[in-house]
Amino acid sequence: MAAFLQWRKFVFFDKDTVKDPVDNGKNFALPSGISACDSGRGHIVLGDMDGKIWLLTRSLQLTSFQAYKLRVTHLYQLKQHSILVSVGQDEHGINPLVKVWNLDKRDSGNPLCTRIFPAIPGNKPTEVSCLSVHENLNFMAIGFTDGSVVLTKGDITRDRHSKTLTLHEGTIPVTGLAFRQVAKVTHLFVATLEKVHCYTLSIKEYPKVELDTHGCALRCSSLADPSQDSQFIVAGDECVYLYQPDERGPCFAFDGTKLLAHWHRGYLFLLINDAKSPNKTAFGSRESSPSDKQLLTIYDLDNKFIAYSASFDDVIDVVAEWGSFYILTRDGKMFVLQEKDTQTKLEMLFKKNLFVMAINLAKSQHLDSDGLSEIFRQYGDHLYLKGDHDGAIQQYIRTIGKLEPSYVIRKFLDAQRIHNLTAYLQALHRQSLANADHTTLLLNCYTKLKDSSKLEEFIKSSESEVHFDVEIAIKVLRQASYHSHAVFLAEKHMHHEWYLKIQLEDLKNYHEGLRYIGRLPFEQAESNMKRYGKTLMHHVPEGTTLLLKGLCTNYQPSGDAAEKDSQERSRVNKANSEEFIPIFANNPRELKAFLEHMIEVDPRSPQGVYDTLLELRLQDWAHEQDPERKKILQGEAVSLLRSDNTVFDKALVLCQMHNFKEGVLYLYEKGKLYQQIMHYHMQNEEYGKVVEACKRYGDQEGCLWEQALGYFARKEEDCKAYISEVLHHIDQNNLMPPLLVVQTLAHNSTATLSVIKDYLINKLQRESQQIEDDERKIRQYREETAHLRSEIQELKTSAKIFQKTKCNMCNSPLELPSVHFLCSHSFHQHCFESYAESEAECPTCTPENRKVMDMLRAQDQKRDLHDHFNRQLRSSNDGFSVVADYFGRGVFNKLTLVTDPPGSKTVGSLEVNLQRDLLIHTKRNC
C-alpha cells in the first residue's frame, strides 16, 4: 500500500476557463440540467433533464437533438466507432429505454437511431445505475439498482442479431461496469457497493470470480489502459484498488470521500469531497451542498507523484478530448487542463533536484536516448557537486554512447577518485566504445591501484564482454613491467611480434621465444626469424639452426598435428635460405652445417648458398695444417666449384684471396681465360706449364705462342729448349712474321743465332717455293687471258661455222629446222622450244651463265662494303689474300661519274663487259 501523502506534488497542467468563441472575454456556457456526459470521436456528448443530447465540437459549436421525451440518464460514446448508446425515459415511472445512435448517418437531420429496447432485468422495472459497451460492438452491459446486470451479446446496433440475458443478480446496487479485452479473451468487471466481480465472457458458461468484498460508489470505478495492464480501478473512501481478472493488484492509500474516478492517458483522476460528513444515498452517490469544495487530483501511478491538484465547485464530470482534459461544473462553466510538454516538466524536476523522478518520467514519456542521457548527466553533475562520487559515476556510466567520455574523465582524474574512474572506463570498454587512450588510462589505473586481480580479469575477459585495443594494452603493460600479463595478452590475441619482443627483449626467455616461432604459420615464422634470428643464434645456436633448416626446406608448424589442415600440409612452404645467411655472422660452424644441409636437401639452392659455403671451405683449407685433412678440404672445395652453382666472379675472387691454385686454374679454364692461365704460370715461373698451356689452348687463342715467345725472350735464364719448341709451333702454324720473331728474340742475351737458324732457313725456303708457285700461276693466267681475248676477237670479227651433226638436247642427228649458238651448241627447233627458258640463251649454258651472273651481281653489291673489308683485313693472318679477293670483286675499280665524258663511259662499260666475258669463259673451262 502506497500512501499518497508521501508523493510529491507538481503543477504539470495549466488550468484555463473555456471562453466563448463568439463573445470574447465571456465564459463559455454549458446547457442547463446536464445529467450525463461522455466524449469521443471528436466531440463531447451531453445529456440533459429535458431528453436532449448535445454534441459539442472542438470549435465549441453546440448542436442538439431530442432523444427522449423526458430525460437522459446515461451516455456511452464508443472511441473507435461513431456509435452512441444512451439510456433515458420517454414515459413517467420506471421505464428506462436504451437507444443506439449512429452519428454518421442522419434521419431528418438528426442522428439515425438504429435500435431501441427497454432496459428491464426480468419482469420487474428497475432504474439503470451504469452502462458499458465493448468497442467491438458485440457486448453491452447494463447495471441496475437492484443488483442485476443485463448482458447483450451480438450486434448491439440491431435487434435481430443480438440476444439479451441476465448475467448477474443480487440485492446490492451495481455501481460500475467495464469490459477488458486482452488478445482474444474478454472479461467484464462488475462493481457493487460491497463487492467486485469478474466474468469471463470468452467461455460459454461465463465463469465468475469474486475479486474483493469492498465496493465503491457510483462513477468511482474505471478501467486503466495497457500501461497499467488494463486493470480495473475501484476508488473506495480509504483506498484505491486495482484488479486483475483473477486477483487484486496494488493498492493506493488515497484517503477521502470519492465522488468520481476516471482514467485518462496514463493518469488517474479522483474527485474528492472535502465535506466531513457526506450524505450517502441508496445508490452510493455522493451529494454536496453548494458551499462544499471538491478537490480534483491527478495521479501518476507509474512515477508516484501528483501531477495536478485543484478545487472546483460542484463538478459534473471530467472528460478527455482534443488532447486536453475538460472539467464540467453545475454552474455551466467548462475548464480545460492542458498538460505541459515533457521538457517543461523535466526542467521543473531539475530545479528541485528530483532527478530520479525525472528519469522515470522521461522513460514513461518514451523520451529518446539523447534526452535520457542529458538527464543522467545532470543527475551525475548534481551528485558530484554533493560529493557522492560513487553515485555520480553510476549516472555517468548511463550516459556512455551519448556523452563525450573526456567530460567524465577530467572530473575524476584526481588520485582520490581513481577507483571511480576505473569503474567508468570498465563500463566504456564493456560497451565497445573505448579508444586507445581510454585503454591506456584504464590499465594505468589498474597499475596505480596495484589491483592485479582486476587487471587479470580485464585482460582475460572474452571479446564479447570487453572490447579494447589489444596493442595499446600490451604497450602499457610492458611499460608498467607487467610482462607476464602482456605476454598472456599477446599470445591470446595472436600478436606474435609483441609476444616475441617481450620474451626476448624483456624476459630474456630465448628458448620459449624459439619454441613460439616454431609454432607460427610459415609467413610469420619467416619474418620473425629474420628479425630475431641473430639474437636467437647467439643464445640458442643449435635450436636456431635446426629451426632454420626446417624453415628453408619444408616448414610445418609444430604443435597438435590433429589441428593441421591436410590441404595446408600438402603445400610446400620453403623460405629463401640465402636471406638467412647474415644471421650466422658469428657462428661459422653452424653456418657451414646449415649450408651443407641446404645443398644436400635442395641441390638447386640459390647461388649465394654455394658461394658462402665455398668461402667457408676455403677458410678451413687455408687454416688447416694437417696435409691429409688439407687434401680432403681441397677436394671438397674443388667439387663445389665443379657443381657449376657458384657465381664465377665471386668464386674467382675467393680462390685468389685464399691462394687456392687448383680453383683459380679451374675457373680460368672454365671462363676460357687462357691468357690468364698462362700469366698465372708465368708469374710462378713454371716454364713447362707455360708451354703446356700453349699446346692445350693455342688452337683456341693463337696469340698464346707469341706471348710465350716474348716471355722466354725476356728471361735471362737459359730457355733455349723452350724457345725452340715455341718457334717450332709458330713456324708450323705461321703465327708470326720472321722479322717480328727476330726482333722479339733480340732482347734475350742467352738466345744465339743457332736457336733460330733452322727456323729462318725453313721460312726462307717456303717463301722461295711460294714465290715460284705464284710466278707460275701468273704466267698461266696470262696465257689463258691472251687465249680468251683472241677467241673473243675472233667471234667478233670472223664468221662461225656450225658443223654439229647431233642435237645437244636429245643426242639425235640434226634435222632442219635447227637452232645454233655461238657456244657451239646446236638443237632441234622443237627440242629448243621445249626446253629453252629464253630464246636468246643456250639451254645447256644457261645454268652456268646464271651462276656467273649471280657471282658478278654479288661482287657489285659488295663493292662498297668498306667497313666489312677493313674488319676482314684486320682479322686475317694473310692481308694480301683479302686485298686480292676484293680486287677480284671490283672494289678498287674506277668509278664512272655522271660528269665523265661520254667516251670514257663507253670505255668503262666495255671493260666491264670484257671482264664478265672472261669470267664466264673461265667458269666454262673449269
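The structure presented is a predicted model; accordingly, all values stated were derived computationally and were not measured.

Calculation rules
Residues numbered from 1 in each chain as written. Predicted model: local features only at pLDDT ≥ 70, side-chain atom pairs only at ≥ 80, totals over all residues. Heavy atoms only, no water. Helix = DSSP H or I, 4+ residues; strand = E, 2+ residues; numbered from the N terminus. Pairing = 2+ DSSP bridges. Buried < 20%, exposed > 50% of the residue type's maximum accessible area, 1.4 Å probe, protein only. Expected span 1.5 Å × (residues − 1). Contact = heavy atoms within 4.5 Å. Phe/Tyr/Trp six-rings, centres within 6.5 Å; stacked < 30°, edge-to-face > 60°. Lys NZ or Arg CZ within 6 Å of the ring centre and 35° of its normal.

Chemist: Just to check I follow, could you spell out unusual backbone geometry for this structure?
Modeler: The general pattern is negative phi for most residues beyond glycine and trans for most peptide bonds. Omega for the bond connecting Leu816 with Pro817 falls within 30 degrees of zero, at -5°, which places this linkage in the cis form. Position of Pro817 among the secondary structure elements: in the loop between helix H26 (753–797) and strand S33 (818–820). You will see that Leu137, though not glycine, has its phi angle at about 70°, which is positive. Examined against the element boundaries, Leu137 turns out to sit in the loop between strand S12 (128–133) and strand S13 (139–144). Notably, Arg265 is not glycine yet its phi reads approximately 50°, a positive angle.

Chemist: I would appreciate a short explanation of the sheet that holds strand S28 (residues 293–300) in the present structure.
Modeler: Reading across the sheet, the five strands line up as S2-S29-S28-S25-S24 and stay open at both edges, with mixed pairing between neighbours. With partners counted over all chains shown, the strands left at the sheet margins are strand S2 (8–9) and strand S24 (257–264), one partner each. Of the pairings in the sheet, the one linking strand S25 (residues 267–273) to S28 comprises six bridges and is antiparallel in character. The residue bridging Leu271 from the neighbouring strand is Leu296, located in S28.

Chemist: I'm lost on the pairing of strand S17 (residues 185–192) in this one. Help?
Modeler: For a regular strand, the rule is simple: side chains alternate between the two faces of the sheet. The buried fraction of S17 is high, at seven of eight residues. Note: strand S16 (residues 174–182) against S17, eight bridges, orientation antiparallel. Directly across from Gln181, in S17, lies its bridge partner Thr186. A loop of two residues connects S16 with S17, the two strands running antiparallel in sequence, and Ala183 in this loop sits at a positive phi of about 60°. Pairing of S17 with strand S18 (residues 196–200), which is carried by five bridges, proceeds in the antiparallel orientation. Note on S18: the bridge partner recorded for Leu188 is Tyr199. Hairpin connection of S17 to S18: three residues between the antiparallel strands.

Chemist: Got a minute to help me understand helix H3 (residues 369–386) in this structure?
Modeler: Given 3.6 residues to a turn, an α-helix orients residues that are three or four positions apart in the same direction. For H3, spanning 18 residues, the distance from its first C-alpha to its last is 26 Å, which sits close to the expected 26 Å at 1.5 Å a residue. Against helix H1 (342–351), helix H2 (355–364), helix H4 (389–397) and helix H5 (405–411) lie the buried residues of H3. Note on H3: the residue one or two positions beyond its end, Gly387, has a positive phi of about 95°.

Chemist: Just checking my understanding: could you explain the packing of aromatic side chains for this structure?
Modeler: Any aromatic ring pair is given by two values, namely how distant the centres are and how the planes are angled relative to each other. Here the structure, examined in full by the defined rule, presents 26 aromatic pairs. Relative to Phe305, the ring of Phe10 lies with its centre 5.6 Å away and its plane at 85°, an arrangement referred to as edge-to-face. Of the two residues, Phe10 is situated in the loop between S2 and strand S3 (13–17) and Phe305 in strand S29 (residues 305–313); the sequence distance between them amounts to 295 residues. For the pair Phe10 and Phe305, a shared accessibility class is recorded, and that class is buried. Counting every residue linked through ring pairs, the aromatic cluster contains Phe13, Tyr267, Phe269, Tyr308 and Phe325. The ring of Phe335 carries the charged tip of Lys15 above its face, separated from the ring centre by 5.0 Å. In this structure, Lys411 is placed above the aromatic ring of Tyr384, and the distance from its NZ or CZ to the ring centre is 4.9 Å.

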